Amino acid sequence: MSFNVRTVNDLDEFTSAVLAIGQYFGMTPTEERMQRFLDQITAERMHAAWENGSIVGGAGAFAFDLSVPGGDLPTAGVSVVGVYPTHRRRGVLRSLMRAQLDSAHERGEPLAALWASEETIYGRFGYGLASFCGEIKLAHEYTSFAQPFEPEGTIRLLDRDEAREVVPPVYERVSAQWPGMFSRDELWWDQRELDDPDDRREGAGPKRWVAYERDGSADAYAAYRHKPGWDEGSTVAELRVVEALAATPTAERDLWAYLLAIDWKATVHASLLPPDHALFFLLATPRRLRYRMGDGLWVRLVDVGAALSGRKYSSDGEIVFEVSDEFCPWNEGRWKLADGAASRTEEDADIALSAQALGSAYLGGVSFASLGRAGRAEELQDGALMRADGLFRWDRHPWCPEIF
Ligand SMILES: CC(C)(COP(=O)(O)OP(=O)(O)OC[C@H]1O[C@@H](n2cnc3c(N)ncnc32)[C@H](O)[C@@H]1OP(=O)(O)O)[C@@H](O)C(=O)NCCC(=O)NCCS
């Protein structure tokens, strides 16, 4: 069944569309909150599905640039996807995905990306699992570093105004190095990062911001919360690291040395950390991180040619892909990647794969070899998967430090 889908016109329609997912989160929408959210996502990027004059589902897409190996690209940051429980499994999501990807294509956004509530949902629409991330719960007594060192910079607590000034440029420096991060505009910084209402604290205290400075330059920052607690007279407090990003290796080491040394806590919690995080090699007992990994960003190549041409590659070389893409048939066919640019070709293909699998490999976090072993990419010429990996791999695993 196909539903009537269009973008919303006003705050009321927006609120109903957001409530399609919001109700599953227990959201109580206030006018002020919804207006702020509408300002961020904008009406023309929020689709709603209607039946008999009522909204039965919604799907939004933030406008941001996603960092990709060696650059960044305009991306539909898909979010607030939901269908009212009264209308589940009747094709509402499919209708929303259709309209949303068509819109992204018309706007010329080569990529769409999302965080999936369940890993079963988005593959059918061409989204590929493109990065992994995980959470840590590190007990205070296991926070020793493997090698002795003296911190080379200093840590400064920032009030809100200072954080607003100091932190965004560091984030931009980090995202220029790291595939998988999304650009944050002024509204995002103000409303998503610096505003700190009670309902975002999950029982912990307010966000504390610190900057790490060395030779007059802010090279790293962290936001964290204290969650105090006692059990039989001893602390069971948590230090919850919301985000800790560093633009240099020294800054990363020194920032974590600060966070891990904070007194009066039993554990340090952090999430969304990439599987190649420096902590695994900085700490004396990395096993004690109790790292639990899951899926991170899902990437959809909306325009295969523009997406492949929009990132850099680790080596010279050529590869021809035979791409299948039922949901976005404009991508189907043979694409040749040569000299860092992709174009249509009639040459024989080296690898046959779906747009979904190419989305998985795109940021360099998933190898063609593993896609091949899982039956997700077919090697048509000997050695082609390894050749493609030589091109696509990057010096770090993609990292998106925040769920959007
Ligand atoms: C997930 C959700 C959006 C699906 O909406 P829906 O309208 O029921 O989905 P559709 O009827 O369009 O289903 C499209 C296809 O996806 C499948 N599908 C949908 N939800 C699925 C799920 N949770 N797990 C597995 N398959 C799912 C359907 O079976 C259907 O398969 P088909 O193409 O083989 O027929 C809806 O159940 C929902 O709102 N869930 C709670 C909120 C949520 O998880 N939102 C996603 C946030 S990232």
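Treat the numbers as computed from the prediction; the structure is a model and nothing was measured. (Residues numbered from 1 in each chain as written. Predicted model: local features only at pLDDT ≥ 70, side-chain atom pairs only at ≥ 80, totals over all residues. Heavy atoms only, no water.)

### Focus on the packing of helix α4 (residues 160-177) against helix α5 (residues 186-194)
Thought 1: The contact between α4 and α5 brings their axes to 11 Å, and the two run at 120 degrees. As far as their axial angle goes, α5 and α4 are oblique. Where α4 crosses over α5, the handedness of that crossing is right-handed. Where α4 approaches α5, its residues Arg 160, Ala 163, Arg 164, Val 167, Pro 168 and Tyr 171 are matched on the opposing element by Glu 186, Trp 189, Asp 190 and Leu 194.
Thought 2: Tallied by class, the residues present in the contact of α4 with α5 amount to six nonpolar, no polar and four charged. (Axes fitted to C-alpha atoms, helices over the stretch in contact; angles between N-to-C directions. Helix = DSSP H or I, 4+ residues; strand = E, 2+ residues; numbered from the N terminus. Parallel < 35°, antiparallel > 145°, perpendicular 65-115°, else oblique. Left-handed = near helix turned anticlockwise from the far one by under 90°. Contact = heavy atoms within 4.5 Å. Nonpolar A, V, L, I, M, F, W, Y, C, P; charged D, E, K, R; others polar.)

### Remarks on a positive patch on the surface
Thought 1: A cluster of basic side chains, namely Arg 88, Arg 89, Arg 94 and Arg 124, defines a positive patch on the protein surface.
Thought 2: Mapped onto the elements, Arg 124 comes out in the loop between β5 (111-114) and β6 (128-129).
Thought 3: Judged by relative accessible area, Arg 124 falls into the exposed class, the value being 52%. (Patch = residues over 30% accessible without salt bridge, like charges linked within 9 Å, V, L, I, M, F, W, Y side chains within 5 Å. Areas by Shrake-Rupley, 256 points an atom, 1.4 Å probe, with all protein chains shown as cover. Salt bridge = Lys/Arg side-chain N within 4 Å of Asp/Glu carboxyl O. Lys, Arg positive; Asp, Glu negative; His and termini not counted. Charge placed at Lys NZ, Arg CZ, Asp CG, Glu CD. Buried < 20%, exposed > 50% of the residue type's maximum accessible area, 1.4 Å probe, protein only.)

### Considering the sheet that holds strand β13 (residues 238-246)
Backbone-to-backbone hydrogen bonds pair the strands of a sheet. The strands run either parallel or antiparallel.
Thought 1: With mixed pairing, the seven strands of this open sheet are ordered in space as β8-β9-β10-β13-β14-β7-β15. Each having just a single partner strand, β8 (154-158) and β15 (292-295) make up the two edges of the open sheet. Each neighbouring strand pair of the sheet contributes to a mean axis angle of 25 degrees, computed without reference to strand direction.
Thought 2: Bridge count between strand β10 (residues 217-227) and β13: eight bridges; the pairing is antiparallel. Looking across to β13, one finds that Ala 220 is bridged to Ala 246.
Thought 3: Lying over the sheet, helix α6 (residues 249-261) contacts β7 (132-139), β8, β9 (208-214), β10, β13 and β14 (267-273), oriented at roughly 170 degrees with respect to β13. (Pairing = 2+ DSSP bridges.)

### Re the packing of helix α1 (residues 11-22) against helix α2 (residues 31-41)
Thought 1: The N-to-C vectors of α1 and α2 enclose an angle of 90 degrees; their axes lie 10 Å apart at closest approach. By the criterion of interaxial angle, the relationship of α1 to α2 is roughly perpendicular. Counting all contacts with α1, which are made through Leu 11, Phe 14, Thr 15 and Val 18, the residues of α2 involved are Glu 31, Met 34, Gln 35, Phe 37, Leu 38 and Ile 41.
Thought 2: The class makeup of the residues in the contact of α1 with α2 is seven nonpolar, two polar and one charged.

### Some points on the nonpolar core
Thought 1: Counting 108 residues, the largest nonpolar core has Trp 256 and Phe 368 as its most contacted members.
Thought 2: The residues touching Phe 368, leaving out its near neighbours within four places in the chain, are Phe 321, Ile 351, Leu 353, Leu 358, Ala 361, Leu 385, Ala 388, Asp 389 and Phe 392.
Thought 3: Ranked by size, the runner-up nonpolar core spans 27 residues in total, among them Ala 59, Met 97, Ala 116 and Phe 327. (Core = buried A, V, L, I, M, F, W, Y, C linked by side-chain atoms within 4.5 Å.)

### Thoughts on the pattern of salt bridges
As a working rule, side chains carrying opposite charge can pair if their charged atoms are close by.
Thought 1: Per the counting criterion, the structure on display carries 30 salt bridges.
Thought 2: In this structure, Glu 13 and Arg 6 form a salt bridge, with 3.0 Å as the shortest nitrogen-oxygen distance.
Thought 3: By relative accessible area, Arg 6 is classed as partly exposed at 31%.
Thought 4: One salt bridge in this structure joins Asp 196 and Arg 225, with 2.9 Å as the shortest N-O distance. Residue Asp 196 is found in the loop between α5 and β9, and its partner Arg 225 is found in strand β10; the two are separated by 29 residues along the sequence.

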